[in-house]
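Summary of the model geometry
Here is what each chain is made of, one letter per residue.
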Amino acid sequence: MATDWYMDFVDLSYQPEKDEIICLFYFESDDGVTREEAAGRIASESSTGTWTTLYSMPDRMRDLQATVFDLEENYVKISYPLELWEEGNAVQLLSGIAGNIFGMKAIKNLRLIDATLSPGYLAHFKGPAFGNEGIRKMMKVSGRPLTGAVPKPKIGFSAEEHAKVGFETWMGGFDFVKDDENLTSVSFNRFEDRVRIMAGMRDRAEQLTGEKKSAFINITADTETMKRRADLLAEYGWNYAMIDVVVCGTAGVMTMRDYCTDLGLAIHAHRAMHAAFDRNPRHGITMQFLAKIMRLVGVSQIHSGTAVGKLEGSREEIAVIADILREKVVQGKGRLSLDQDWGDIRNAFPVSSGGLHPGLVPDVLDIYGTELVLLVSGGIHGHPNGTRDGAVATMQAIEAWTDGVTLEEKAKRAPELDAALEKWGRYKPK
Ligand code: CAP
Ligand code: MG
């Protein structure tokens, strides 16, 4: 008598139905477990199965089973009937395709690479509230990346000091001042004080420059507190809220997407903690999948890496993540991503940040083009002449790239850029 039924979830001749969700996994089976059985176990445990054959089961349940339909070396594609998934509940999707399966003893390593979300699944989600065109209209910026910086050191300033650094950042030509991921409301820099004082500085910078200025002020907390903080942002005329989306969880982001949209707030998604599960190439969940889920639930932008800065992320992966966020129809790239037609779901901006300075701007724009949010933080506050000149130097580096001239050429007529190159050149921090 058979003790398990994993192979019931494998059919390499199966052709997925139009509205099924398809997942691509990398996996390594444990010794003594064949690839087919391992793949069947992934499909079983992420859909209707369990470890043993059962005394009885209604026939109709076979229609809910996931199916392994493509198996190549250590890569498997699994198709999931749409009926498995609650309408509009991305959290439940994660419990299914990114849940128990990571802990199965028969699978030594498992990595969820990407998923194709079907039109029937997408139909229940609103996606980003503004889209990239809407954000550009809101900020009155075109033809160049949106730019921003985090006051550094990343935490320790009083609200007053924070706002003064912010003012210098805006006066240097940047669009945004961003809170750091671990700054929320601390004894020496209360959220309420920062929102109020920054608004005053913003208004002054807008009057002096004639440009629209904004900030990603971090509301990260429990959801009820995030709602109160979003209310305060709207009261002071802000148009963004920042959320650390991994630590807040997909459920928190989903709640805040609607709440912030009603207040006219776009969401800047910081991804702190992502490297706990997306860095190991043999186990975990890719950044491209996290980016997909966050566009689905409606953030307006999310950090996506630099390739040349201080944090992990290859050029290929970054280009794939940018496509998943920006494009309407995404062509799968080999074993890095799957096809995705986003239908009416608006797009979102990739955010490139982490160890950047004016000397690295061309490398980043070579990867992303101009459709991104570029954050240069240490790379402006460490400028020999201070924050404002650091921002000016970064804007000059962007101009050089868009005008097709080298930084060195530009620096002959741009002293702030020249000073930045003098200090950092093309240094790539680790
Ligand atoms: C960058 C940053 C961002 C990282 C996050 C930091 O500061 O503020 O949090 O960019 O990484 O705290 O390191 P610097 P990622 O510009 O001074 O490095 O964008 O890869 O999610
Ligand atoms: Mg940071």
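Note that the coordinates shown come from a computational prediction; the quantities given were computed from them, not determined experimentally. (Residues numbered from 1 in each chain as written. Chains lettered and ligands numbered in written order. Predicted model: local features only at pLDDT ≥ 70, side-chain atom pairs only at ≥ 80, totals over all residues. Heavy atoms only, no water.)

Comments concerning the overall build of the protein
- Regarding its fold elements, the protein presents 16 helices and 15 strands.
- In terms of overall size, the protein behaves like a compact globule, its C-alpha atoms giving a radius of gyration of 23 Å where 430 residues would be expected to give roughly 22 Å.
- For the protein, the spread of C-alpha atoms along the principal axes amounts to about 80 × 45 × 35 Å.
- For the protein, with 430 residues in total, the buried portion stands at 57%.
- The contacts of the protein with a sequence gap of at least 6 include a subset with a gap of at least 24, amounting to 76%.
- By element, 49% of the accessible surface of the protein is carried by carbon and sulfur atoms, the whole surface being about 17,800 Å².
- Separation between the mean location of the 49 positive side-chain charges and that of the 61 negative ones in the protein comes to 5 Å. (Helix = DSSP H or I, 4+ residues; strand = E, 2+ residues; numbered from the N terminus. Rg over C-alpha atoms; globule rule 2.2 N^0.38 Å. Buried < 20%, exposed > 50% of the residue type's maximum accessible area, 1.4 Å probe, protein only. Contact = heavy atoms within 4.5 Å. Areas by Shrake-Rupley, 256 points an atom, 1.4 Å probe, with all protein chains shown as cover. Lys, Arg positive; Asp, Glu negative; His and termini not counted. Charge placed at Lys NZ, Arg CZ, Asp CG, Glu CD.)

Structural notes on the coordination of the magnesium ion (ligand 2)
- Only Asp180 (OD) and Glu181 (OE) from the protein coordinate the magnesium ion (ligand 2), and they sit 1.7 to 2.0 Å from it. As far as burial versus exposure is concerned, Asp180 and Glu181 are alike and both buried. (Donors = N, O, S within 2.8 Å, 3.2 Å for Na, K, Ca; no water.)

Some points on the domain arrangement of the protein
- Split by domain assignment, the protein resolves into domain 1 (6-122) and domain 2 (131-424).
- Here domain 1 and domain 2 have C-alpha centroids that lie 35 Å from each other.
- Counting from both sides, the interface comprises 28 residues of domain 1 and, opposite them, 29 residues of domain 2.
- Approximately 2,400 Å² of surface area, both sides summed, lies buried where domain 1 meets domain 2, with 60% of it carried by carbon and sulfur atoms.
- It is Arg111, Asp114 and Leu122 in domain 1 that bury the most area against domain 2; as a group they hold 28% of the surface buried on that side. (Domains from an automatic or database assignment. Buried area = accessible area lost by both parts, 1.4 Å probe.)

Some words on the sheet that holds strand β1 (residues 21-29)
- One open sheet holds the five strands; their spatial order is β2-β3-β1-β4-β10, and the pairing between them is mixed. A single partner strand is all that each edge strand has here, and the edge strands are β2 (67-72) and β10 (284-285).
- Bridge count between strand β4 (residues 107-116) and β10: two bridges; the pairing is parallel. By the bridge assignment, Arg111 is partnered in β10 with Gly284.
- Against the sheet, helix α10 (residues 287-297) touches β4 and β10, its axis set at about 40° to β4. (Pairing = 2+ DSSP bridges. Axes fitted to C-alpha atoms, helices over the stretch in contact; angles between N-to-C directions.)

Considerations on the sheet that holds strand β15 (residues 373-375)
- Sheet architecture is open: eight strands sit in the order β7-β6-β5-β15-β14-β11-β9-β8, paired in parallel fashion. Strands with a single pairing partner mark the edges of an open sheet, and in this sheet they are β7 (214-216) and β8 (240-244). Averaged over neighbouring strand pairs, the angle between their axes works out to 25° when direction is ignored.
- With five bridges joining them, β8 and strand β9 (residues 266-270) adopt parallel strand pairing.

Considering the nonpolar core
- The biggest cluster of nonpolar side chains holds 87 residues, and the ones touching the most others in it are Phe25, Ile42 and Tyr80.
- In terms of residue count, α10 provides more of this core than any other element does, eight residues in total.
- Taken domain by domain, this core gets at least three of its residues from each of domain 1 (6-122) and domain 2 (131-424).
- One finds Ala322, Leu356, Leu360 and Ile380 within the second-largest nonpolar core, a separate group that totals 29 residues. (Core = buried A, V, L, I, M, F, W, Y, C linked by side-chain atoms within 4.5 Å.)

Quick word on unusual backbone geometry
- Backbone torsion omega between Lys152 and Pro153 reads 5°, so that peptide bond is classified as cis.
- Turning to its location among the elements, Pro153 is positioned in the loop between β5 (146-149) and α5 (159-171).
- Phi is positive for Glu73, close to 50°, though the residue is something other than glycine.
- Within the fold, Glu73 resides in the loop between β2 and β3 (75-80).
- Exposure remark for Glu73: the relative accessible area of 52% places this residue in the exposed category.
- Not every positive phi belongs to a glycine, and Met273 is a case in point at roughly 95°.
- As for its placement among the helices and strands, Met273 is situated in the loop between β9 and α9 (275-278).

Considering helix α8 (residues 245-262)
- In this model α8 runs just 19 Å from its N-terminal to its C-terminal C-alpha over 18 residues, more than 12% under the 26 Å that 1.5 Å per residue would give.
- Of all the bends in α8, the greatest, near 70°, is centred on Ala251.
- Phi turns positive, to about 75°, at Gly264, one or two residues after α8. (Expected span 1.5 Å × (residues − 1). Bend = angle between axes of the 7 residues up to and from the residue.)

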